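Structural features, examined
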Amino acid sequence: MASVRDAFFNQIYECVKAGDDIYIITADLGAPSLDDFRKDFPERYISVGIAEQNLVTIAAGLALGGKKVIAYGLNPFPVTRAFDQVRSLMAELEIPVTLCALNAGLCSAECGYTHMPIEDMAMMRTLSNVKIMNPTDETIARKLAAETVVCNVPRFIRFDKSIAGTIYEEEDIDFERGFSIIGNKGQSKLGIITNGCYVKELNQWMQQSQNTDGIKLFDLYTLPVDEQALVDEIGKCQQMITIEENVLAGGLGSLLLEIMSDHEIMRPVKRMGLDTKKGYYHVFTNREYIRKDQFIDMDNIMKHIYSVLL
Amino acid sequence: MKHTLEELEKKTYQYRKRFLELFTNIGFGHVTSAFSWAEIASVLYNEIMELAPTADQFFEYDKMVVSKGHGAGILFPIFEDAGYFTSEQMNDIIRIGGKNTELRKLFYPGFDFYGGSLGMGLGIAAGLAKAAKLSGYQWNTFCIVGDAESYEGSIWEAVNFSGYQQLDNLIAIVDRNELGCSDFTEHMLAFEPLKAKWESFHWDVSEIDGHDISEIYDVLQKAANKKNGKPKCIIAKTKKGQGLDYLIDKPLMHGFMPKGDEIEKAFQSLK
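All values derive from a computational prediction rather than experimental measurement.

Moving on: the overall build of chain B. Scanning chain B from terminus to terminus reveals 12 helices and six strands. Reported as C-alpha extents along the three principal axes, the dimensions of chain B are approximately 50 × 45 × 35 Å. Going through the 271 residues of chain B one by one, you find that 51% of them count as buried. Sequence-distant contacts in chain B: of pairs separated by 6 or more residues, those separated by 24 or more amount to 80%.

This is the structure in structure tokens:
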């Protein structure tokens with residue numbers, strides 16, 4: 001079983017071995033899955049050092065020069081440090097860089113606030129022309145890698161290092177639609193909007209638990225989603241919950257409220273995510289600590305779900 | 001040389017004059033930034049660069065990155081002169097509502113990216129130069145960098161990268177007019193010794209008078225042909241607002257555009 005990051009890079013390795021012309025630009029970040037790539041294709045592995053602004057500009061220059069490039073850095077820095085580069089080059093000029101960032105949400109919370117990509121989704125959502133991808137399993141990661149070879153649009157891929165394993169079959173994945181539904185496919189008591197790490201956790205819990213038949217679990221692995229398709233599915237739900245390890249401002253909860261407001265859909269919505277009013281953590285933390293403190297741990301999530309379902 | 005010095009001087013005067021026509025008409029622009037590198041742009045486009053005639057021949061020709069994007073306006077008259085646009089097309093583009101995106105497509109040959117958000121262009125140029133190396137293309141990438149733009153740390157990230165990668169197909173020209181927006185660079189946060197700084201990153205560095213067409217031609221000609229494993233940096237000593245005595249070398253004139261009665265004065269004092 002490989003992490004989504006390693007499933008992605010293993011596939012890239014296979015593509016290059018098969019003759020695809022891809023370059024990886026890295027800001028001093030490796031991966032077990034990149035060791036062979038570095039060894040076997042050293043000219044295709046270009047390091048810019050810990051310099052995320054240069055990561056994006058060099059990648060953009062190479063792309064303008066006709067190269068297919070993956071820029072790889074530690075999240076949130078390719079977004080928060082290099083946002084102006086991403087905004088001007090990937091969004092405005094639509095230079096087709098695939099920007100890969102390791103870590104999403106709280107998966108690296110033990111490193112402190114600096115290393116928590118919890119605003120990057122909200123920031124990237126403000127940009128046009130850049131697709132935001134959150135691979136939920138190895139199938140998505142491999143398919144994303146295979147698409148990177150032919151893709152000619154700017155994309156931002158955020159890897160949660162804790163996600164491994166397989167949920168989907170390849171035919172389940174539709175990057176244009178942007179989301180898949182797990183669980184109830186018809187009229188549902190509850191729609192849960194999430195992506196990344198929570199999909200696997202909720203899926204497992206739903207399979208092992210009683211009385212979860214009324215749940216329609218939305219996995220929004222590509223943003224923006226096909227809005228009408230999402231609206232059609234929301235229409236089948238009586239209530240909605242959004243769950244994310246992002247700041248609530250601008251995250252998935254905001255996204256849902258915006259879409260519901262634009263389409264005049266009236267439903268109760270509970271947003272579960274990181275509340276900026278709580279401020280920052282000046283103690284040693286980890287993912288579980290923050291989840292508990294923010295009431296987004298699985299116990300609390302289950303409590304909310306059952307309060308709707310039962 | 002394809003032109004005489006006199007012809008190039010005359011062309012450069014015409015570029016400044018046409019710039020004034022176009023941009024006083026729209027009412028905004030960065031006249032002092034544009035005029036600072038007018039001679040450099042004139043020599044590059046008329047003498048040094050091999051320009052792709054059409055966009056589909058992009059990969060066979062030299063590249064130009066205008067990192068100090070505020071000065072990009074001087075290229076409009078140059079492209080008009082080179083026959084990429086008619087005067088009517090240009091007048092139709094440089095106006096509120098003019099089709100900027102169309103312009104970008106048409107400009108693609110030899111004008112590959114312009115800044116505006118400062119500090120990005122040199123990284124783009126380095127990426128282009130690296131792409132050329134990887135593909136075995138023979139063209140050069142030129143990049144005009146503002147000296148005050150070089151306060152951006154991203155410039156030095158790209159300087160470091162290019163020196164290490166031995167991008168001898170990359171030629172950066174620093175428009176060393178010693179002026180930022182609010183003050184002279186050496187009053188705000190001194191750059192000197194600037195030459196030594198670039199050299200320490202394994203660049204070949206020359207210093208020239210950035211308004212002397214003969215000097216510009218000589219140094220660019222050498223830089224474009226010298227393949228010694230080092231990127232080239234040309235520190236061009238210039239005056240911001242060159243050509244307009246009443247604006248020249250003055251702080252707080254960044255982003256200035258003559259308006260109303262000043263327009264006539266600008267045309268009269270143009271040199």
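Let's pick the thread back up.
Turning to the sheet that holds strand β8 (residues 188–194) of chain A, a few remarks are in order. Residues and elements named next belong to chain A. In spatial order, the strands read β7-β9-β8-β11-β12; together these five strands make up an open sheet with mixed pairing. Two strands in the sheet have a free side with no partner beyond their single neighbour: β7 (180–183) and β12 (269–274). This sheet shows a mean twist of 20° between the axes of neighbouring strands, independent of strand direction. Each of β7, β8, β9 (215–219) and β11 (237–247) touches helix α8 (residues 197–208); the most contacted strand, β9, lies at about 160° to it.

All names here are of chain A. Most of strand β6 (residues 155–159) is tucked away: five of the five residues are buried. With burial as the criterion, each face of β6 is covered, one bearing Arg 155, Ile 157 and Phe 159 and the other bearing Phe 156 and Arg 158. As judged from the three bridges shared by strand β5 (residues 131–133) and β6, these two strands associate in the parallel manner. Within β6, the position partnered with Ile 132 by the bridge is Phe 156. Assessed by its sense of winding, the connection that carries the chain from β5 through helix α7 (residues 138–150) to β6 is right-handed.

So, on to the environment of Arg 18 of chain B. Residues and elements named next belong to chain B. Structurally, the position occupied by Arg 18 is in helix α1 (residues 5–26). Separated by 62 residues in sequence, Arg 18 and Glu 80 have C-alpha atoms that sit 9.6 Å apart. Setting aside its immediate chain neighbours within four residues, Arg 18 contacts Pro 77 and Glu 80.

Okay, the pairing of β11 of chain A next. Residue and element names in this part refer to chain A. Of all 11 residues that make up β11, nine are buried, and the element is covered over most of its length. Alignment of β8 against β11, held across five bridges, turns out to be parallel. From the neighbouring strand, Gly 191 faces β11, where its bridge partner is Met 240. Pairing of β11 with β12 involves five bridges; the strand directions are parallel. When the sheet's bridge partners are listed, Met 240 is paired in β12 with Val 269. Between the parallel elements β11 and β12, the chain passes through helix α10 (residues 252–262) in a crossover that is right-handed.

Basis of the calculations
Residues numbered from 1 in each chain as written. Chains lettered and ligands numbered in written order. Predicted model: local features only at pLDDT ≥ 70, side-chain atom pairs only at ≥ 80, totals over all residues. Helix = DSSP H or I, 4+ residues; strand = E, 2+ residues; numbered from the N terminus. Buried ≥ 20, exposed ≤ 12 C-beta atoms within 10 Å, placed from the backbone. Contact = placed C-beta atoms within 7 Å. Pairing = 2+ DSSP bridges. Axes fitted to C-alpha atoms, helices over the stretch in contact; angles between N-to-C directions. Right-handed = clockwise from strand over helix to strand, strands pointing away.

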